[in-house]
Each structure stands twice: as structure tokens, then as C-alpha cells.
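Each chain is listed here by its residues.
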Amino acid sequence: VTTCPMERLGVDDVARWLVESAELPQYEPAFRDSKVDGDVLLDLVARDLLGHLVENPLHQSRLRSQLAKFARRASAGDGAAWSNVRQCAAHMRRA
């Protein structure tokens, strides 16, 4: 059983989350090309470097909002136990 913090997600998980939850599919190629996994994404946000991949300030805001929502659900456990990170990532994309 595992928790599902964003930093545990791989490049494919982040790309799917970006398309399905954040609803920003136009950035998927750039995130994949830059090999942005969960750990890298959080670092980009923490160091205020998200603008290198997401130029539109409104899209940056949406991405930050979706990350916060993901973090709240993951930390709350959402009433479920996950046997692997992929299960958790799939559930979080439905958030």
C-alpha cells in the first residue's frame, strides 16, 4: 500500500494528468520532451520556473490549482489504499 504524492509519478503519469485533470493537453508534448515527472514538476513550481514550459499565466494558475487539488486528495488518502502509484494516479486524474 502506498500514498500517491505527485513526486512519485513518472513522465507518462504526469502527461496523462496534465491532459485529463488539468485539461491542458497543448502542453503534453513539451512536458514529455522535457521528461517532466512529478518531482521535476514540483521543482518547477517551487522555483517559479513553470513559465519555461507554460507561457500563458492563466494556464500556469490552472496548473498550480490542479496541483493543489491533487495534493489535498493524496494527503487525505481519499478513503482508499493504493497498491501501486499507477492506481493512485489514475484515481487522481479523475479528481
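Rules of the game
Residues numbered from 1 in each chain as written. Predicted model: local features only at pLDDT ≥ 70, side-chain atom pairs only at ≥ 80, totals over all residues. Heavy atoms only, no water. Helix = DSSP H or I, 4+ residues; strand = E, 2+ residues; numbered from the N terminus. Buried < 20%, exposed > 50% of the residue type's maximum accessible area, 1.4 Å probe, protein only. Contact = heavy atoms within 4.5 Å. Salt bridge = Lys/Arg side-chain N within 4 Å of Asp/Glu carboxyl O. Core = buried A, V, L, I, M, F, W, Y, C linked by side-chain atoms within 4.5 Å. pLDDT = per-residue confidence, 0-100. Arc of directions from axis to C-beta. Polar contact = N/O pair within 3.5 Å; in protein donor to acceptor, adjacent residues only side chain to side chain.

Chemist: I tried to follow the environment of E7 on my own but got confused; where do I start?
Modeler: Within the secondary structure, E7 is located in the segment before α1 (11–20). Under the relative-accessibility criterion, E7 is labelled partly exposed at 40%. Sequence spacing of E7 and L41 is 34 residues, and the spatial spacing of their C-alpha atoms is 7.9 Å. Those residues in contact with E7 that lie beyond four places of it in its chain are G38, D39 and L42.

Chemist: What is the right way to look at the pattern of salt bridges in this model?
Modeler: Where charged atoms of side chains with opposite charge meet at close range, the side chains can pair. Across all of its chains, the model carries 6 salt bridges by this definition. A salt bridge links D12 to R32; the nearest nitrogen and oxygen atoms lie 2.5 Å apart. One end of the pair, D12, is in helix α1; the other, R32, is in helix α2 (residues 28–33), and 20 residues separate them in sequence. D12 gets classed as partly exposed once you look at its relative accessible area, which sits at 36%.

Chemist: How should I be thinking about the nonpolar core in this particular structure?
Modeler: A general trend in soluble globular proteins is that nonpolar side chains are found buried together. Counting residues in each nonpolar core, the largest one holds 18 residues, and the members touching the most others are M6, W17, L18, F31, L41 and L63. Secondary-structure elements contributing two or more residues to this core are α1, α3 (38–46) and α4 (57–76). Those residues in contact with L41 that lie beyond four places of it in its chain are M6, V14, W17, F31, V36, L50, L63 and L67.

Chemist: Quick question: what am I supposed to make of the confidence of the model for the chain here?
Modeler: Regions with low pLDDT carry predicted coordinates that are not meant to be interpreted in detail. Confidence along the chain averages 79 in pLDDT terms, with 73% of residues attaining 70 or more. For the chain, the element scoring lowest by mean pLDDT is helix α5 (residues 85–93), at 57; α2 scores highest, at 96. Confidence drops under pLDDT 50 across residues 79–83; counting only partners more than four residues distant or on other chains, this segment forms 9 contacts.

Chemist: Whenever I open this one, α3 confuses me. Can you help?
Modeler: Two residues of an α-helix separated by three or four positions point the same way, owing to the 3.6 residues in each turn. All buried positions along α3 are accounted for by G38, L41 and L44. Viewed end-on, α3 has its buried residues packed into an arc of 125°, placing them on one side of the element. Looking at where α3 begins, the residue whose side-chain oxygen comes 3.2 Å from the main-chain nitrogen of D39 is D37.

Chemist: How should the environment of R8 be read in this particular structure?
Modeler: Position of R8 among the secondary structure elements: in the segment before α1. In sequence terms R8 and D37 are 29 residues apart; their C-alpha atoms lie 8.1 Å from each other.

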